[in-house]
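# Coordinate inspection notes
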Amino acid sequence: MKFERKLQLLIEGAKYDVSCSSSGSKRISDKNQLGNTAPAGVCHSFTSDGRCISLLKILMSNACIYDCKYCINKVSNSHERATLTPDELCNLTINFYKRNYIEGLFLSSAIIKDPEYTMQLLLKTVKKLREEYNFGGYVHLKGIAGANLETIRQAAEYADRMSFNAELPTEEGLQLLAPQKNLKESLLHMKRLNINELEYTGSKVLKKIIPAGQSTQFVIGATPDSDGVLLNLTENLYNHFKLKRVYYSAYIPVNKSEFLPNKPESLIRENRLYQADWLLRFYGFKTAEIIAEDENLSLEIDPKAMYALKNLDNFPLEVNTASREELLRVPGIGTTGAYRIITARRLCNLNFDDLKRMGIVLKRAKHFITCNGKFVGYNNNAETLYNLLAGETSADGYSQTSMFEIPKRRILLT
Ligand code: SF4
């Protein structure tokens, strides 16, 4: 098989792993245009100082021995298979890097003979890349659950970030759709890779491995698992294993199976999960404040606005006296807004014009705050507010900003 064909297959096979920030666009480009959102190849990641970097996103092999029902590379699919050698991968990375196409590598693989064999090949590749090819750029390496812990630990020494994809949030879901996978095993690897985990190195002198930390991915909508279950597990991963990111990938039907939905999962649901995830990481929310275990997030309204509507008794808050934690619970006030409010009110009492100048989204926040005791919103009725925030016509023509087309549907709160 020609090298170009191998590349096409292995780059295409990697695109359903969304541990990067560029999924979701379906715009089809004209052949006369420069650029196209559909093919895979280069994904983006963010460094700790906020820079966006381009990564070559590729599988080492798509010749998988597992049969995960939702995956295009599963063993029972009859399509072309290809595997790159460690040297081929290293050469490719170095050549792309020297041409300034990429700043790093995102390397994953299907399970080639068994998990340990696959992890050994990945280890060999990253070790070569660092020691023989002298590559100092960013490397995101997939960990293979089921491989020996020592092989994984050695690979972690060469990677900047590692990720074990949990895929589904329950053992039942995995049993149904990916029976060769095991959620506990993936979680155990994440726990042991946690840089503070003494047990992993067996030594009190810890070596700093994977400086960019760990991430994982969940496929959403392939099983009936609720957003509440997903977010509870996500919270535990952040709190106990210090994961840097959890990614959510809306299910895309690439295989036919009686166990799988035949429609893709809504990207709005994926977006709502990212919004809730943001609340957990940066706004001090607990999952229990956002959603119950058996619930799904609203598609019409974002999780923070939903929280405020369910807790109307806690509002309106006086912006001149509310704590930072309280301000962060107000729809329309973000972390930067809360900081600006707290800094500015040391000098004088703030009014609505001041808030506007600070960039506070008053058309949302006004329903949940007072300024010097003055209230200009409509917070007396949760149902009215819900419909206002969900984009129904309001007295002032307000509608919630949306990245996607939101179904027009009036929902009554009980
Ligand atoms: S292990 Fe499962 S998800 Fe991964 S490549 Fe193989 S079939 Fe696909």
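Residues numbered from 1 in each chain as written. Predicted model: local features only at pLDDT ≥ 70, side-chain atom pairs only at ≥ 80, totals over all residues. Heavy atoms only, no water.

Attention now moves to the overall build of the protein chain. For the protein chain, the helix and strand inventory stands at 16 helices and nine strands. Counting only residues that meet the buried cut, the protein chain has 53% of its 414 residues in that class. Long-range pairs, those at least 24 residues apart, make up 65% of the contacts in the protein chain with a sequence separation of at least 6. (Helix = DSSP H or I, 4+ residues; strand = E, 2+ residues; numbered from the N terminus. Buried < 20%, exposed > 50% of the residue type's maximum accessible area, 1.4 Å probe, protein only. Contact = heavy atoms within 4.5 Å.)

Attention now moves to the nonpolar core. Core analysis: the largest hydrophobic core is formed by 114 residues, its most contacted members being Ile-58 and Leu-355. In this structure, this core is formed jointly by two domains, domain 1 (3–23 + 38–290) and domain 2 (303–389), each of which donates at least three residues. Ignoring sequence-local partners within four residues, the contact set of Leu-355 consists of Val-319, Ile-341, Leu-350, Ile-360, Leu-362, Ile-369 and Cys-371. (Core = buried A, V, L, I, M, F, W, Y, C linked by side-chain atoms within 4.5 Å. Domains from an automatic or database assignment.)

Here Ser-266 is to be found in the loop between β7 (245–250) and α9 (267–282). Linking Ser-266 and Leu-299, residues 33 residues apart in sequence, is a C-alpha distance of 9.1 Å. Looking at Ser-266, its side chain comes within polar contact range of the main-chain nitrogen of Ile-268, at 2.9 Å. (Polar contact = N/O pair within 3.5 Å; in protein donor to acceptor, adjacent residues only side chain to side chain.)

Describing an aromatic ring pair means giving the distance of the ring centres and the angle of the ring planes. In this structure the tally under the stated criterion is six aromatic pairs. With a centroid separation of 5.4 Å and an interplanar angle of 75°, the aromatic rings of Phe-315 and Phe-368 are classed as edge-to-face. Here the residue Phe-315 occupies a position in the loop between α11 (303–310) and β8 (317–318), and Phe-368 occupies one in the loop between α15 (362–365) and β9 (369–370), the gap between them amounting to 53 residues. You can call Phe-368 buried: its relative accessible area is 0%. Arg-329 extends its terminal NZ or CZ atom over the ring of Phe-285, reaching a point 4.1 Å from the ring centre. (Phe/Tyr/Trp six-rings, centres within 6.5 Å; stacked < 30°, edge-to-face > 60°. Lys NZ or Arg CZ within 6 Å of the ring centre and 35° of its normal.)

A word on unusual backbone geometry. The peptide bond linking Phe-315 to Pro-316 adopts the cis configuration, its omega dihedral lying at 0°. Mapping Pro-316 onto the fold places it in the loop between α11 and β8. Residue Glu-167 is not a glycine yet carries a positive backbone phi of 70°. With respect to the element layout, Glu-167 can be found in the loop between β5 (161–163) and α5 (171–177).

The next point concerns the site of the ligand. Contacts to the ligand come from Cys-64, Tyr-66, Cys-68, Cys-71, Lys-74, Ala-110, Ile-111 and Lys-181. In terms of residue class, the shell around the ligand is made up of six nonpolar, no polar and two charged. (Near = heavy atom within 4 Å. Nonpolar A, V, L, I, M, F, W, Y, C, P; charged D, E, K, R; others polar.)

Moving on to the packing of α11 against helix α16 (residues 382–389). For any two helices packed against each other, one specifies the crossing angle of their axes together with the interaxial distance. The contact between α11 and α16 brings their axes to 10 Å, and the two run at 170°. Relative to α16, the element α11 lies roughly antiparallel. Crossing geometry of α11 relative to α16 is assigned as right-handed. Each of Ala-305, Met-306 and Leu-309 in α11 lies in contact with α16, whose residues at this interface are Ala-382, Leu-385, Tyr-386 and Leu-389. Grouping the constituent residues of the contact of α11 with α16 by class yields seven nonpolar, no polar and no charged. (Axes fitted to C-alpha atoms, helices over the stretch in contact; angles between N-to-C directions. Parallel < 35°, antiparallel > 145°, perpendicular 65-115°, else oblique. Left-handed = near helix turned anticlockwise from the far one by under 90°.)

Attention now moves to α9. With 16 residues, α9 extends 22 Å between its outermost C-alpha atoms, agreeing within 8% with the 22 Å of an ideal straight helix rising 1.5 Å per residue. Within α9 the residues assigned to the buried category are Ile-268, Arg-269, Glu-270, Asn-271, Arg-272, Leu-273, Tyr-274, Ala-276, Asp-277, Leu-279 and Leu-280. Buried residues belonging to α9 abut β6 (214–220), α8 (227–241), β7, α10 (287–290) and α11. Sitting at the head of α9, Ser-266 places a side-chain oxygen 2.9 Å from the backbone nitrogen of Ile-268. Looking one or two places after α9, you find Gly-284, whose phi comes out positive at around 75°. (Expected span 1.5 Å × (residues − 1).)

Per-residue pLDDT for the protein chain has a mean of 85; in total, 83% of the residues score no lower than 70. Throughout residues 392–414 the model reports pLDDT below 50, and contacts reaching past four residues in sequence, or to other chains, amount to 42 contacts. (pLDDT = per-residue confidence, 0-100.)

With five of five residues buried, strand β3 (residues 104–108) lies mostly within the body of the structure. Neither face of β3 is exposed, since Gly-104, Phe-106 and Ser-108 on one face and Leu-105 and Leu-107 on the opposite face are all buried. Examined bridge by bridge, strand β2 (residues 52–59) and β3 share five bridges and lie parallel to one another. Following the sheet pairing, Leu-59 is matched in β3 by Ser-108. Read as a crossover between parallel neighbours, the route from β2 over helix α2 (residues 86–98) to β3 is right-handed. Alignment of β3 against strand β4 (residues 138–142), held across four bridges, turns out to be parallel. Note that in β4 the partner of Leu-105 across the bridge is Val-139. (Pairing = 2+ DSSP bridges. Right-handed = clockwise from strand over helix to strand, strands pointing away.)

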